[in-house]
Amino acid sequence: MKKIINDPHDVVPEMVDGLVRSYPSILEQVPDTLAMVRADKDSMKGKVGIVSGGGSGHEPTHAGFVGKGMLSGAVAGQVFTSPTPDQIYAAIKAVDQGKGVFLVVKNYSGDVMNFDMAKDMAEMDDIEVRRIVVDDDIAVKDSLYTQGRRGVAGTIFMHKVLGAAAQEGASLDDLEKLANAVLPNIKTIAVALSAATVPEAGKPGFELAEDEIEFGVGIHSEPGYRREKLRPSKELVEELLGKLDDEMHLDPNKQYAMLVNGMGATPLMEQYIFAHDTLDQLKAKNITPAFTKVGNYMTSIDMAGISLTLFELADPAWLKALNYPVETVAW
Amino acid sequence: MFTAENTTAWLTNFAGKIEANAAYLSDLDTPIGDADHGNNMARGVTAVTEALGKLSDPDLVTVLKTTAMALISKVGGASGPLYGTAFLEMAKAAKDANDTATLLDAALAGIEKRGGATTGDKTMVDVWVPLVADVKAGSLTKDQIKAAVEATKDIEAKKGRASYLGERSVGHIDPGSQSSGYLFEALIETEGIL
């Protein structure tokens, strides 16, 4: 393991401290926690708060999206480990303006349980809390008999749409309806070239040979659906876009947002090449995305790979929300 | 019967087992999870022993509640809420009772409620259900604990991260079941509970 860290146990607190102190006009740390909230308190006045969070290792997610027009707060767990209920509750309390708080949770058993416990704690203190559980990763079969699909890079679109609506004064009810309407329209699928190394573990989550790739890998090195030899970018796009098309039935008469997301160790150069191939292949289907984004938004520490997200903009207001101005570290 | 003293001894013993086997628990978690069960549990039990050490002459409810809060605030992942809820439910039940069966039933009901898992999902429930029954029958042995933990190998996971693997989860011991196994071993080793 070769990492620029101090003691592996201190990775998360040191990262949070560095982030907050580097962007003091945007972020503020809730004392004695790893929760971060907007520094611009005026921007939250009279609005419903939006809190997201999850394990660390996905930077700039989640705190990178805290700021005016987007999240009110974010909670950092240990690496790849859900934050604890007391920490989530601290963030809820810090952002609550009497209008309630909306939680964005990714669909992992730990995250769901910890956020639910925090919700119980907040409700005991008369703070109304609702939540959405994001499950955009189509690599996993959705079944009553499994944990269901995982929440991955598409979550940032959920943050963005909800953040814009909350800034414009949407109520907790409005946000819940909006989140439920948006959710089935966001789909993501990934390909990995190498696994992430959790600092405390010291070794990669799985091994891929020098010439091997794996389709469908999750953002915590969860295994994917197929392993094979590396192929050119355009063939990787064919595979991933094909999966999205099977799921979403891409339609030239509909509008889409596209996110090409780097997993941490893949250079932007390769992400732009992947975007070039994706846009070409969408064009062949007579589709030009109405909104595009390329970069490292939902990483998996030092995993090499890319995920592709498509968001069907079933409501024109959602495109406006994606273009809504924000003051964050990372959007 | 649980008392503040034997419960503290039980949890101290459990903490020792977790610390000694943290690497093994994380190894079990590597093929079917995210390789952090040992680290997370070790962080939790360290917090438990620290918190219990600060209590002076506590009652049983306080010991159980302190344990729950330490686990809830330090473990994270799925194990934190599951173990935390188990001890929180034991604390609630301990207000009116202290017999082993009632409190362990409360713990198991808490785990089932929080995680939504049932027998056969390859979770700690697969160890808790038979072993709580053994405790009630007065027949809990280390061999039974070992057998219950080993039996999770043959199950296909339906809950938690391991469920993403489907049938590839077969052949691996469920890490949460192994850590629960240590909890029951510590129960046998602590005088006066069973």
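Residues numbered from 1 in each chain as written. Chains lettered and ligands numbered in written order. Predicted model: local features only at pLDDT ≥ 70, side-chain atom pairs only at ≥ 80, totals over all residues. Heavy atoms only, no water.

Per an unreviewed UniProt entry, the recorded name for chain B is phosphoenolpyruvate--glycerone phosphotransferase, and the organism is Lacticaseibacillus nasuensis JCM 17158. Per its UniProt entry, chain B bears the Subunit (unreviewed entry) comment "Homodimer. The dihydroxyacetone kinase complex is composed of a homodimer of DhaM, a homodimer of DhaK and the subunit DhaL." (UniProt positions renumbered as here; feature names shortened; annotations may be inferred.)

Student: Any chance you could break down the overall build of chain A for me, citing the residues and the numbers?
Tutor: Tallying secondary structure elements over chain A gives eight helices and 12 strands in all. Scaling as 2.2 N^0.38, a compact globule of 331 residues should have a C-alpha radius of gyration of about 20 Å, and chain A matches this with 19 Å. Summarising its shape, the C-alpha atoms of chain A cover approximately 55 × 50 × 40 Å along the three principal directions. Counting the 331 residues in chain A, one finds 59% classified as buried. Restricting the contact set of chain A to residue pairs at least 6 apart, pairs at least 24 apart contribute 73%. (Helix = DSSP H or I, 4+ residues; strand = E, 2+ residues; numbered from the N terminus. Rg over C-alpha atoms; globule rule 2.2 N^0.38 Å. Buried < 20%, exposed > 50% of the residue type's maximum accessible area, 1.4 Å probe, protein only. Contact = heavy atoms within 4.5 Å.)

Student: Account for the overall build of chain B, naming residues and giving values.
Tutor: A count of helical and extended segments in chain B gives nine helices and zero strands. In sequence order, the secondary structure elements of chain B are arranged as α-α-α-α-α-α-α-α-α. Its C-alpha atoms give chain B a radius of gyration of 15 Å, within 12% of the compact-globule value 16 Å for 194 residues. The dimensions of chain B, computed from C-alpha atoms along their principal axes, are 50 × 35 × 25 Å. Each of the 194 residues in chain B was classed as buried or not, and the buried ones make up 57%. In chain B, the share of contacts with a sequence separation of at least 24, taken over all contacts with a separation of at least 6, comes to 66%. Summed over all atoms, the accessible surface of chain B reaches about 7,400 Å², with 52% contributed by carbon and sulfur. Taking the average location of the 18 positive side-chain charges in chain B and that of its 26 negative ones, the two points are 6 Å from each other. (Areas by Shrake-Rupley, 256 points an atom, 1.4 Å probe, with all protein chains shown as cover. Lys, Arg positive; Asp, Glu negative; His and termini not counted. Charge placed at Lys NZ, Arg CZ, Asp CG, Glu CD.)

Student: Mind laying out the sheet that holds strand E3 (residues 49-56) of chain A, listing which residues take part and the relevant values?
Tutor: Residues and elements named next belong to chain A. In spatial order, the strands read E1-E2-E4-E3-E5-E6; together these six strands make up an open sheet with mixed pairing. Of all the strands in the sheet, just strand E1 (27-29) and strand E6 (129-134) have a single pairing partner and so form its edges. If you compare each strand with its neighbour and ignore which way they point, the axes differ by 25 degrees on average. Sheet strands in contact with helix H3 (residues 109-124) are E3, strand E5 (101-106) and E6, and its direction is about 170 degrees off that of E6. (Pairing = 2+ DSSP bridges. Axes fitted to C-alpha atoms, helices over the stretch in contact; angles between N-to-C directions.)

Student: Quick rundown of the packing of aromatic side chains? Include the residues and the values.
Tutor: Summed over the entire model, instances satisfying the criterion amount to 11 aromatic pairs over all chains. Judged by centre distance (5.7 Å) and plane angle (20 degrees), the ring pair of A:Phe311 and A:Trp318 falls under stacked. Taking relative accessible area as the criterion, A:Phe311 reaches 0% and is therefore assigned buried. Taken together, a centroid distance of 5.4 Å and an interplanar angle of 40 degrees make the contact between B:Phe2 and B:Trp10 tilted. Classification of B:Phe2 as buried rests on a relative accessible area of 1%. Following the ring pairs from residue to residue traces out a cluster consisting of A:Phe65, A:Phe157, A:Phe291, A:Tyr297, A:Phe311, A:Trp318 and A:Trp331. A cation over a ring is seen here: A:Arg150 above B:Tyr164, with NZ or CZ 4.8 Å from the ring centre. The ring of A:Trp331 is capped by A:Lys293, whose NZ or CZ atom sits 4.1 Å from the centre of that ring. (Phe/Tyr/Trp six-rings, centres within 6.5 Å; stacked < 30°, edge-to-face > 60°. Lys NZ or Arg CZ within 6 Å of the ring centre and 35° of its normal.)

Student: Quick rundown of the interface of chain B and chain A? Include the residues and the values.
Tutor: Every contact between the two is made by 27 residues of chain B and, on the other side, 30 residues of chain A. When chain B packs against chain A, the two sides together hide about 2,200 Å² of surface, and 56% of this comes from carbon and sulfur. Summed over the three residues of chain B that lose the most area to chain A, namely B:Arg114, B:Arg161 and B:Tyr164, the buried surface amounts to 29% of that side. Where chain B touches chain A, the interface holds two salt bridges. (Buried area = accessible area lost by both parts, 1.4 Å probe. Salt bridge = Lys/Arg side-chain N within 4 Å of Asp/Glu carboxyl O.)

Student: Which residues make up the pairing of strand E7 (residues 186-194) of chain A, and what values go with them?
Tutor: Residues and elements named next belong to chain A. Burial within E7 is extensive, with seven of its nine residues counted as buried. Note: E7 against strand E12 (residues 304-312), eight bridges, orientation antiparallel. Within E12, the position partnered with Ala192 by the bridge is Gly305. Here two bridges tie E7 to strand E8 (residues 212-215), and the two strands are oriented antiparallel to one another. From the neighbouring strand, Ala192 faces E8, where its bridge partner is Glu214.

Student: Account for the pattern of salt bridges, naming residues and giving values.
Tutor: Applying the stated rule across the entire model yields 28 salt bridges over all chains. The partner of A:Glu123 in a salt bridge is A:Lys119, and the shortest N-O contact between them spans 3.5 Å. Here A:Glu123 pairs with A:Lys119, and both are found in helix H3, just four residues apart, close to one helical turn. Judged by relative accessible area, which is 35%, A:Glu123 ranks as partly exposed. Here B:Glu89 and B:Lys113 are joined by a salt bridge, their closest N and O atoms 3.9 Å apart. Pair noted here: B:Glu89 is in helix H5 (residues 79-93) and B:Lys113 is in helix H6 (residues 100-115), with a separation of 24 residues, a long-range link.

Student: Summarise helix H4 (residues 60-74) of chain B; cite the residues concerned and give the values.
Tutor: Taking 1.5 Å of rise per residue, 15 residues should cover 21 Å, and H4(B) covers 21 Å from first to last C-alpha, within 8% of that figure. Within the sequence span of H4(B), burial applies to B:Leu60, B:Val61, B:Val63, B:Leu64, B:Thr66, B:Thr67, B:Ala68, B:Ala70, B:Leu71 and B:Ile72. Those residues of H4(B) hidden inside the fold are in contact with helix H2 (85-95) and H3 of chain A together with helix H1 (4-20), helix H3 (37-53), H5 and H6 of chain B. (Expected span 1.5 Å × (residues − 1).)

Student: Explain the packing of H1(B) against H3(B) to me, using residue names and the numbers behind them.
Tutor: Angle between the axes and distance between the axes: these two values describe a pair of packed helices. Residues and elements named next belong to chain B. H3 packs onto H1 with a crossing angle of 150 degrees between their chain directions and a minimal axis gap of 9 Å. The angle between H1 and H3 places the two elements in the roughly antiparallel class. The two elements H1 and H3 cross, and the hand of that crossing is left-handed. Here Thr8, Leu11, Thr12, Phe14, Ala15, Ile18 and Glu19 of H1 come into contact with H3, specifically with Met41, Ala42, Val45, Thr46, Thr49 and Leu52. Considering only residue class, the contact of H1 with H3 consists of eight nonpolar, four polar and one charged. (Parallel < 35°, antiparallel > 145°, perpendicular 65-115°, else oblique. Left-handed = near helix turned anticlockwise from the far one by under 90°. Nonpolar A, V, L, I, M, F, W, Y, C, P; charged D, E, K, R; others polar.)

Student: I'd love a proper account of the UniProt feature "domain: DhaL" (unreviewed entry) in chain B, names of residues and values included.
Tutor: Those residues carrying the UniProt feature "domain: DhaL" (unreviewed entry) are residues 5-189 of chain B in this numbering. In this annotation, residues 5-189 of chain B is assigned 69% helix and 0% strand; the end-to-end C-alpha distance for the span is 14 Å.

Student: I'd like a rundown of helix H8 (residues 142-151) of chain B, residues and numbers included.
Tutor: Quick reminder: α-helices carry 3.6 residues per turn. Residues three or four places apart thus point the same way. All names here are of chain B. Of all the residues in H8, the buried ones are Ile145, Ala148 and Val149. Across the axial projection of H8, the buried residues extend over an arc of 95 degrees, all falling on one side. Away from its buried face by more than 90 degrees, H8 exposes Asp143 and Lys146. Buried residues along H8 sit against helix H7 (125-137) and helix H9 (175-189). (Arc of directions from axis to C-beta.)

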